[in-house]
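# Fold and geometry: a report
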Amino acid sequence: MSTTATTDSAKPSAIRKMAPQELLRVEGITKVYDGSVKAVDNISLTVATGEIFALLGGSGCGKSTLLRMLAGFEKPTNGKIFLAGKDITDLPAYKRPINMMFQSYALFPHLSVWENIAFGLRRDDMAKGDIAERVESMLSLVQLDKFAKRKPHQLSGGQQQRVALARSLAKRPKLLLLDEPLGALDKKLREKTQLELVNIIEEVGVTCVLVTHDQEEAMTMASRIAVMSEGSFMQVGSPDEVYEMPNSRQVADFIGNVNIFDGIIEEDESDHVTIRCEECLHYVGHGISGNVGMSVGVALRPEKITLSKEQPQSEYNWCAGEVVEIVYFGAHTTYHLKLDSGKVIKAQELNNTRDLSCGLTWGDRAYAHWNDMAMVVLTY
Amino acid sequence: MTNIYNYLRNHIPSRQIVIGVPYLWFLLLAAIPILIVLKISMSEMESTSVSSMISWTQGWPTIKFNFASYIFLSTDPLYFETYLSSIKYALITTVICLAIGYPFAYFMARSPKHLQPMLLMLIMLPFWTSFLLRIYAWKTLMVNNGVINNVLMSLGVIDDPIAMMNTPFSLLVGMVYSYLPFMILPLYANLSKLDIRFLEAAADLGTSPFRTFWLVTIPLSKAGIIAGSMLVFIPAIGEYVIPELLGGPDTLMIGRVLWDEFFSNNDWPMASAVAVVMILLILLPMAIFNKYQSDQAEAKS
């Protein structure tokens, strides 16, 4: 291993495909407010170089407190933070090679765009010419060259967001923190900016930790997501892992829409499991196993359900109910089906033709069915 | 009923009335008296009527101004020196008030929320006692056989009493003491609104707390600094009571001269001229302040 390293460093210009290198390590970090309120409860995590890591959770879940501890604005009650192997737990914010893009940006109102971006550079011993050069390159990176002389209040929300990004990237931080980066923008602009932001971050190659309450934002931007609740991580994984393989009802419920059936394992075979619910019998064809008689939850995403007017022939994986609500979204339509048990489930149908495909209307009796790979069995 | 209500609503210029009352007040009690003072300053005697100042030549009215008072004002160095020393003491007072008041207001704004109302009340507490009484109290503290000298002598720090009374020192102590709340209050109002995120952003960008103070806090509280300085500087220029009670022969201030002209010399035109020039002196910083405020308002919109 060491010989490989020497050969590698002998030709520094060579582009190497390296195993992901750990940049940030947090060990058992805890923040207690007022002696008893645990905002962050014994969290450990590692973030690799180049990763975009999202902390996702509702308000008060501790995601912002965790981010502020990384930035150095809050002192952890317990635990340690390492950046590139160095313990930075006790380093004040202004000495950390970490920069943050603040929620609603916190651009200095008395300084121009140019001065805002140069603000951090002036604190380092950087030559005047180098500062100017860096600011110019940052301005062109976020395409604001023409706005250098403006004050922040003379810019639109989207432009302010880009200035904030440029300011936080100007010092070439090892780690970039994003606090609800798109929260202040309207929906249409947000979608556009999301991709822009990711492109810029990838262009610069900076490692990111981002905080958001918007699952879509986390999904589109992050390479890994930590779903947080009450100061703890509930699940950490890639966006598709967290969506398709939630490990608890809470995660399944928080990310996207989900129908959850309560049932009992009736049969546990090597290739399948059947779960008896009040409404239907689930036949789960993917590799899980459990004790017969164990009570579990079956999570089923609305888009994995197909609706029809005819009763399916199979004895598994279908249920019947009355259409009580139809919500048209344009690209898809969500049908609310009131099952005979009284439970209401949601089913999402893609509107891939211009006539509303399955022809269901209010009060119709409909059959919902799904395949044996569609559901996730939850034990919590 | 609603018809009557709507009729009144549409026909009573309520907004104009609400705005108009204070303006009427100012017109009657500020603008008109100032015009009268201006008129007196340009007449030969206090009793000169406006009509006698106007002479008719070939059907056109000509107003005859008498600038004698102003000419005298500019030739006698006493007045110039007095103005200068008034500005000097007002300026020193403002600077000292700012130096004491800014950190005070800053830490007050940063103190726990539940303590702030009490701290604010303590600032205003002196107003519960008469201004004159408080200035007199300083006199008893600072005279040669006053409290300060007695304590210092009994402690053996000094052998002979320090002459504090009737010096620039005693004047400034009185001025700073009296005007400090007027500096602290607008500064506190401004600093308590300062968004803590700006300070965090500065720290995040590698600025030490000390430099953040100079680079972010001070510029962002400029409006408060200007408001506080105006509130101290403007009344301090015309201050009469404090220099009269605590000042001495070498602390000439214009309020004193004004008093002498009116009541000792009984030279009303001269006194009015002194007053008019003083108003102009005060208007200048006011104009700067207003310009700054309107710039700010423009920047915000």
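Computed from a predicted model, the values in this text were never measured in an experiment. (Residues numbered from 1 in each chain as written. Chains lettered and ligands numbered in written order. Predicted model: local features only at pLDDT ≥ 70, side-chain atom pairs only at ≥ 80, totals over all residues. Heavy atoms only, no water.)

The next point concerns the overall build of chain B. What chain B contains, in helices and strands, is 15 helices and two strands. Radius of gyration (C-alpha) of chain B: 25 Å, far over the 19 Å computed for a compact globule of 301 residues. Structurally, chain B occupies a C-alpha span of about 75 × 75 × 45 Å along its principal axes. Residues counted as buried form 37% of the 301 residues belonging to chain B. (Helix = DSSP H or I, 4+ residues; strand = E, 2+ residues; numbered from the N terminus. Rg over C-alpha atoms; globule rule 2.2 N^0.38 Å. Buried < 20%, exposed > 50% of the residue type's maximum accessible area, 1.4 Å probe, protein only.)

Each helix and strand in chain A was counted, giving nine helices and 20 strands. Per-residue burial for chain A yields a buried fraction of 49% across its 380 residues. Across chain A, every contact between residues at least 6 apart in sequence was considered, and the portion connecting residues at least 24 apart equals 65%. A total accessible area of about 18700 Å² is found for chain A, and carbon and sulfur atoms account for 49% of it. (Contact = heavy atoms within 4.5 Å. Areas by Shrake-Rupley, 256 points an atom, 1.4 Å probe, with all protein chains shown as cover.)

So, on to the confidence of the model for chain A. Residue and element names in this part refer to chain A. Summing up the model confidence of chain A, the mean pLDDT is 86 and the portion of residues at 70 or higher is 93%. Within chain A, the element-level pLDDT minimum falls on helix 1 (residues 2–10), averaging 38, and the maximum on strand 4 (residues 78–83), averaging 94. Low confidence marks residues 1–17, where pLDDT is under 50. Its contacts with residues over four positions away, or in another chain, come to one contact. (pLDDT = per-residue confidence, 0-100.)

A word on the interface of chain B and chain A. The interface is formed by 18 residues belonging to chain B together with 22 residues belonging to chain A. Interface of chain B and chain A: buried area, both sides summed, is about 1800 Å²; carbon and sulfur atoms make up 62% of it. Connecting chain B to chain A are one salt bridge. Of the charged contacts, one joins R68 of chain A and E200 of chain B as a salt bridge, the two residues approaching to 2.6 Å between their closest N and O atoms. Taken together, the elements giving at least two residues each to the side of chain B that touches chain A come down to helix 10 (196–204) and helix 11 (209–220) of chain B. Among the elements that take part in the side of chain B that touches chain A, helix 10 of chain B stands out by supplying seven residues, more than any other. Partitioned by chemical class, the residues of the side of chain B that touches chain A number 11 nonpolar, three polar and four charged. (Buried area = accessible area lost by both parts, 1.4 Å probe. Salt bridge = Lys/Arg side-chain N within 4 Å of Asp/Glu carboxyl O. Nonpolar A, V, L, I, M, F, W, Y, C, P; charged D, E, K, R; others polar.)

Of all residues except glycine, most have a negative phi; of all peptide bonds, most are trans. Residue and element names in this part refer to chain A. Unusually for a residue other than glycine, Y105 sits at a positive phi of about 75°. Taking the relative accessible area as the measure of exposure, Y105 reaches 4% and is therefore buried. With a phi close to 55°, N317 is a non-glycine residue in the positive phi region. Assessed through its relative accessible area of 5%, N317 is described here as buried.

Okay, the sheet that holds strand 10 (residues 232–237) of chain A next. All names here are of chain A. In spatial order, the strands read 6-7-8-3-9-10; together these six strands make up an open sheet with mixed pairing. Single-partner strands in this sheet number two, and they are strand 6 (98–101) and strand 10. Mean inter-strand twist for the sheet, computed between neighbouring axes without regard to direction, equals 20°. The sheet strands contacting helix 5 (residues 157–169) are strand 6 and strand 7 (175–179), and the helix crosses strand 6 at an angle near 175°. (Pairing = 2+ DSSP bridges. Axes fitted to C-alpha atoms, helices over the stretch in contact; angles between N-to-C directions.)

To continue, consider the pattern of salt bridges. In total, this model carries 23 salt bridges over all chains according to the counting rule given. As a salt-bridge pair, K63 of chain A and E180 of chain A come within 4.0 Å of each other at their nearest N and O atoms. Here K63 of chain A, found in helix 2 (residues 63–71), pairs with E180 of chain A, found in the loop between strand 7 and helix 6 (187–204); they are 117 residues apart in sequence, far enough to count as distant. Take K63 of chain A: its relative accessible area is 6%, and that puts it in the buried class. E180 of chain A gets classed as buried once you look at its relative accessible area, which sits at 7%. A salt bridge links R197 of chain B to D195 of chain B, with the shortest nitrogen-to-oxygen separation between them at 2.9 Å.

On to the layout of surface pockets. Empty space within the second largest pocket amounts to approximately 460 Å³. Taken together, the residues of the lining of the second largest pocket sort by class into five nonpolar, seven polar and four charged. (1 Å grid on protein atoms, 1.4 Å probe; cavity = no way out; pocket = protein on both sides within 12 Å on 5 of 7 lines; lining within 4 Å. Points joined across faces, edges and corners; volume = space filled by probe spheres on them.)

What follows is about the pairing of strand 1 (residues 22–33) of chain A. Residues and elements named next belong to chain A. Note that strand 1 and strand 2 (residues 37–48) share eight bridges and pair antiparallel. Within the sheet, the bridge partner assigned to Y33 lies in strand 2 and is V37. Linking strand 1 to strand 2, which pair antiparallel, is a turn of three residues; within it D34 sits at a positive phi near 50°. Taken together, the five bridges between strand 1 and strand 4 define a ladder with antiparallel strand orientation. For T30, the partnering residue across the bridge sits in strand 4 and is N78.

This next bit is on the nonpolar core. Of all hydrophobic cores here, the largest spans 100 residues; its most connected members are L24, L55, L66, F108, L177 and V209 of chain A. Ranked by residue count, the leading element in this core is helix 9 (residues 168–191) of chain B, at 12 residues. Other than its neighbours up to four places away in sequence, F108 of chain A contacts N116, F119, P152 and R167 of chain A together with F198, A201, A202, L205 and V216 of chain B. Core analysis: the next-biggest nonpolar cluster, separate from the first, contains 47 residues, A170, M221, A222 and V251 of chain A among them. (Core = buried A, V, L, I, M, F, W, Y, C linked by side-chain atoms within 4.5 Å.)

Residues and elements named next belong to chain A. Taking strand neighbours across the sheet as the criterion, the five strands line up as 15-19-16-17-18 in an open arrangement whose pairing is antiparallel. Each end of this open sheet is capped by a strand with a single partner; those strands are strand 15 (306–308) and strand 18 (344–350). With strand direction ignored, the average angle separating the axes of adjacent strands in the sheet is 45°.

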